[in-house]
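As a plain string of letters, each chain reads:
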Amino acid sequence: NAGVMQNPRHLVRRRGQEARLRCSPMKGHSHVYWYRQLPEEGLKFMVYLQKENIIDESGMPKERFSAEFPKEGPSILRIQQVVRGDSAAYFCASSPVSNQPQHFGDGTRLSIL
Amino acid sequence: KQEVTQIPAALSVPEGENLVLNCSFTDSAIYNLQWFRQDPGKGLTSLLLIQSSQREQTSGRLNASLDKSSGRSTLYIAASQPGDSATYLCAVKSYNTDKLIFGTGTRLQVFP
């Protein structure tokens, strides 16, 4: 029973490029959460999605960032025109329903040159 | 707005010591509180989850307590071992939201 799978584990982009981070939730989980961990800071909530719906995006920057969780396939966090300040570890978590414990993936470490 | 604070930020102890890590939160109307462990370059491993109606949870050498009225939780680690070295994070979940609010963590090093 695989856990939450995130890929790639490490991603390097140059300023101005696009970054796509993928998250496959645990089997049977239809709720996905994205968090960002900046260097020397705690994890900060970004967005909460159910299949095909964004439930809460209160933590996601209004510009350049978007997230989706299609009916088929993984959840995608997309960052357009990346800047140095986007360098961070991005974690995905999933749960079977809301109010259940969230299970975390190993994260994607994004580095911007 | 919920804020979560953890002290100390870092802790270095010889193995065998009993440890207490602290977590405080500003809004006592929480649904649950969770303690996680994070190893370098890795994700989060859930250690203990305490529902708002509970006072404590235990798992092996770990014991977590919750005092909602004072906005505090402690994680007690008995007989620490070098393998316990990691960053420990606490996170709270409030009612009417599914997001977790994390503290900045306590970085623990247990040396032989």
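To keep things clear, this report deals only with the structure shown in the data block. Per-chain numbering applies: the sequence of each chain, read as written, is numbered from 1 onward. For this description, chains carry letters from A and ligands carry numbers from 1, given in the order in which they are written. Predicted model: local features are reported for residues with pLDDT of at least 70 only, side-chain atom pairs are reported and counted for 80 or more only, and whole-chain, interface and lining totals are derived from all residues. Hydrogens and water molecules were not included; the side-chain quantities draw on all heavy atoms of the structure.

1. What about the interface of chain B and chain A?
Alright, step 1. Note on contacts: a residue pair qualifies if any of its non-hydrogen atoms lie within 4.5 Å across the two residues. At the junction of the two partners, chain B supplies 19 residues and chain A supplies 20 residues.
Alright, step 2. Summed over both partners, the accessible area (1.4 Å probe) lost when two parts come together is defined as the buried area. When residues of chain B are sorted by the area they lose upon contact with chain A, Asp-98, Lys-99 and Phe-102 of chain B head the list and together hold 32% of the total.
Alright, step 3. Whenever a carboxyl oxygen of Asp or Glu lies within 4 Å of a side-chain nitrogen of Lys or Arg, that contact is scored as a salt bridge. Counting across the chain B and chain A interface gives zero salt bridges.
Alright, step 4. As used in this structure description, the phrase polar contact means that two N or O atoms lie within 3.5 Å; if the pair is within protein, one of them must be able to donate a hydrogen and the other to accept it, and residues adjacent in sequence are counted only when both atoms belong to side chains. The tally of links from chain B across to chain A stands at seven residue pairs in polar contact (both at pLDDT 80 or more).
Alright, step 5. Per the convention used, a helix needs a DSSP run of H or I reaching at least four residues, while a strand needs a run of E reaching at least two, with both numbered from the N terminus. Those elements that provide at least two residues to the side of chain B that touches chain A are β4 (30–38), β5 (44–51), β9 (86–94) and β10 (100–102) of chain B.

2. Here's the deal with unusual backbone geometry
Note: most peptide bonds trans; most residues except glycine with negative phi.
Alright, step 1. At the junction of Asn-7 of chain A and Pro-8 of chain A, the peptide bond is cis and its omega measures out at -5 degrees in the coordinates.
Alright, step 2. Among the secondary structure elements, Pro-8 of chain A is positioned in the loop between β1 (5–7) and β2 (10–13).
Alright, step 3. Cis geometry is adopted by the peptide bond preceding Pro-8 of chain B, which originates at Ile-7 of chain B and carries an omega value of -5 degrees.
Alright, step 4. Among the structural elements, Pro-8 of chain B can be located in the loop between β1 (4–7) and β2 (10–14).
Alright, step 5. Residue Glu-52 of chain A is not a glycine yet carries a positive backbone phi of 65 degrees.
Alright, step 6. Within the fold, Glu-52 of chain A resides in the loop between β5 (43–50) and β6 (53–56).
Alright, step 7. The classification of residues rests on relative accessible area computed with a 1.4 Å probe and restricted to protein chains. Under 20% of the type maximum is buried, over 50% is exposed, and intermediate values are partly exposed. The exposure class of Glu-52 of chain A is exposed, given its relative accessible area of 55%.

3. Observations concerning the packing of aromatic side chains
Alright, step 1. The pairing test for Phe, Tyr and Trp rings, Trp by its six-membered ring, is centres within 6.5 Å, and the orientation test on the planes gives stacked under 30 degrees, edge-to-face over 60, and tilted for anything in between. This model, assessed by the stated rule, comprises eight aromatic pairs over all chains.
Alright, step 2. Judged by centre distance (5.6 Å) and plane angle (85 degrees), the ring pair of Tyr-35 of chain A and Phe-102 of chain B falls under edge-to-face. With Tyr-35 of chain A in strand β4 (residues 31–37) and Phe-102 of chain B in strand β10, the pair connects residues from two separate chains. Accessibility classification places Tyr-35 of chain A together with Phe-102 of chain B in one group, the buried group.
Alright, step 3. Measuring from centroid to centroid gives 5.7 Å for Phe-36 of chain B and Phe-102 of chain B, while their planes differ by 40 degrees, and the two rings are tilted. Of the two residues, Phe-36 of chain B is situated in strand β4 and Phe-102 of chain B in strand β10; the sequence distance between them amounts to 66 residues.
Alright, step 4. An aromatic cluster of at least three residues, connected via ring pairs, comprises Tyr-35, Phe-45 and Phe-104 of chain A together with Phe-36 and Phe-102 of chain B.

4. Focus: the sheet that holds strand β3 (residues 19–24) of chain A
Pairing between the strands of a sheet comes from backbone hydrogen bonds, and it takes one of two forms, parallel or antiparallel.
Residues and elements named next belong to chain A.
Alright, step 1. In space, the four strands of this open sheet follow the order β1-β3-β8-β7, with antiparallel pairing throughout. Looking at which strands have only one partner, the edges of the open sheet turn out to be β1 and β7 (65–68). Strand-to-strand twist of the sheet, defined as the mean angle between neighbouring strand axes without regard to direction, takes the value 15 degrees. Strands qualify as paired when DSSP identifies two bridges or more between them. Angular values range over 0 to 180 degrees, each being the angle between N-to-C directions of two axes fitted as lines to C-alpha atoms, with helices fitted over their stretch in contact.

5. Looking at the pairing of strand β3 (residues 19–25) of chain B
All names here are of chain B.
Alright, step 1. The two faces of β3 differ: Leu-19, Leu-21, Cys-23 and Phe-25 on one face are buried, but Val-20, Asn-22 and Ser-24 on the other face are not.
Alright, step 2. For β1 and β3, the ladder comprises four bridges, and the chain directions are antiparallel. Residue pairing across strands places Val-4 opposite Phe-25, the latter belonging to β3.
Alright, step 3. With six bridges connecting them, β3 and strand β8 (residues 72–77) associate as antiparallel partners. Paired with Asn-22 across the strands is Thr-74, a residue of β8.

No statement about biological role is implied by the geometric values presented.
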